[in-house]
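# Structural features, examined
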Amino acid sequence: MSVNAEAMRSGAREAEERPVVSLIICTKNRGQQLRACLDRVARLKAPFRWELILVDNGSTDDTAQVMREFLSRFPGEGRYLHESRPGNGAGRNAAIRVSRGGILAFTDDDCYVEEDFLVEIAEVFSDPRVGYLTGRIMLFDPTDYRITVNESPQPRRISAGRVVPHGLVQGANMAFRRSALEQAGLFDEDFGAGARFAGEDWELALRVSFAGWEGGYFPGPTVWHHHGRKEPEARKLIRFYTIGEGAVYAKGVISHRRRLRMLGYWFKRLGGDLLKRRSMHRVRLVTWGALQYVLLRIRHCQRTETAR
């Protein structure tokens, strides 16, 4: 047998042994909430190989114990990972680097996945043109504030190279093709819960789209979001999201090849806000977020120059 033929067979065997999906869940100091999340993960059904990666993002409560206890009785492939660097982006990137699945799926520690969650994700990615997706997010507790949900039964497909609409991709239910991330890069660790800005999910989807991949909203993969926030706490989160929106605009205009499209989308959103007098506060927050990101980039450049 030739060396090339043996290498091809070896590669085929490796592909067969590799999980189809890596499910990644990051958390910090939410051990009690995590238990309910993992109870639903244990019920997942899939006719293919998949792996679970649990990331403890620097917890000081019993999160690590909860994870280890769950994995000790988990019948599938599971892994505990500790990441001391703050931020959801850092935790997710650490998991991606050790994962083996061709599809990288994400949900949050306050979400309950449906039993066919992974099957539905794999079905969407059976289309080789799809590089990213976000799925349906149902509100678990009707007394919670209606935030970070998308209950629409209608899919919304985004062509490659287009601007992904703000708010479409949400970290509570999203997935990326590994080969798409190999082109676009991983999460920007300046963004995400626990980091400086919100919007790591949207920012990465933008880069994947600009790298030439289709994607969008597909209602098949479904989770129930039990975030527990009432109006006062939700308004604080909305402020964080709005500042993050501005930071993503600024990064897109500064960094992406499709900066003119990003700028046009920003101005379109800005015009819509200015037509609503009640949205002036939102305009100020978006502008403040963009300014903060520009200042952050300037400081990064100054530190780089000093280090040389």
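Report follows, based on the coordinates. Please read all numbers here as calculations on a predicted model, not as lab measurements.

## Focus on the state of the cysteines
- Tallying each qualifying case throughout the model produces 0 disulfides.
- Of the cysteine sulfurs around C111, a residue in no disulfide, the closest is that of C37, at 7.1 Å.

## Considerations on the nonpolar core
- In terms of nonpolar packing, the biggest core is built from 45 residues, with I24, F176 and V208 touching the most fellow members.
- Of all the elements, helix α7 (residues 200–210) adds the most residues to this core, at 6 residues.
- Every residue in contact with V208, bar those within four places of it in the chain, is listed here: G131, Y132, F176, A180, L181, A184 and W213.
- By size, the runner-up hydrophobic cluster in this structure holds 35 residues, among which are L34, F74, C111 and L118.

## Description of the packing of helix α2 (residues 31–41) against helix α3 (residues 63–73)
- Contact geometry of α2 with α3 gives a least axis separation of 9 Å together with a crossing angle of 20 degrees. Relative to α3, the element α2 lies roughly parallel. Along this stretch, α2 crosses α3, giving a crossing that reads as right-handed. On α3, the residues touching G31, L34, R35, L38 and V41 of α2 are T63, V66, M67 and F70.
- Its residues placed into classes, the contact of α2 with α3 shows 6 nonpolar, 2 polar and 1 charged.

Basis of the calculations
- Residues numbered from 1 in each chain as written.
- Predicted model: local features only at pLDDT ≥ 70, side-chain atom pairs only at ≥ 80, totals over all residues.
- Heavy atoms only, no water.
- Disulfide = S-S within 2.5 Å.
- Core = buried A, V, L, I, M, F, W, Y, C linked by side-chain atoms within 4.5 Å.
- Buried < 20%, exposed > 50% of the residue type's maximum accessible area, 1.4 Å probe, protein only.
- Helix = DSSP H or I, 4+ residues; strand = E, 2+ residues; numbered from the N terminus.
- Contact = heavy atoms within 4.5 Å.
- Axes fitted to C-alpha atoms, helices over the stretch in contact; angles between N-to-C directions.
- Parallel < 35°, antiparallel > 145°, perpendicular 65-115°, else oblique.
- Left-handed = near helix turned anticlockwise from the far one by under 90°.
- Nonpolar A, V, L, I, M, F, W, Y, C, P; charged D, E, K, R; others polar.

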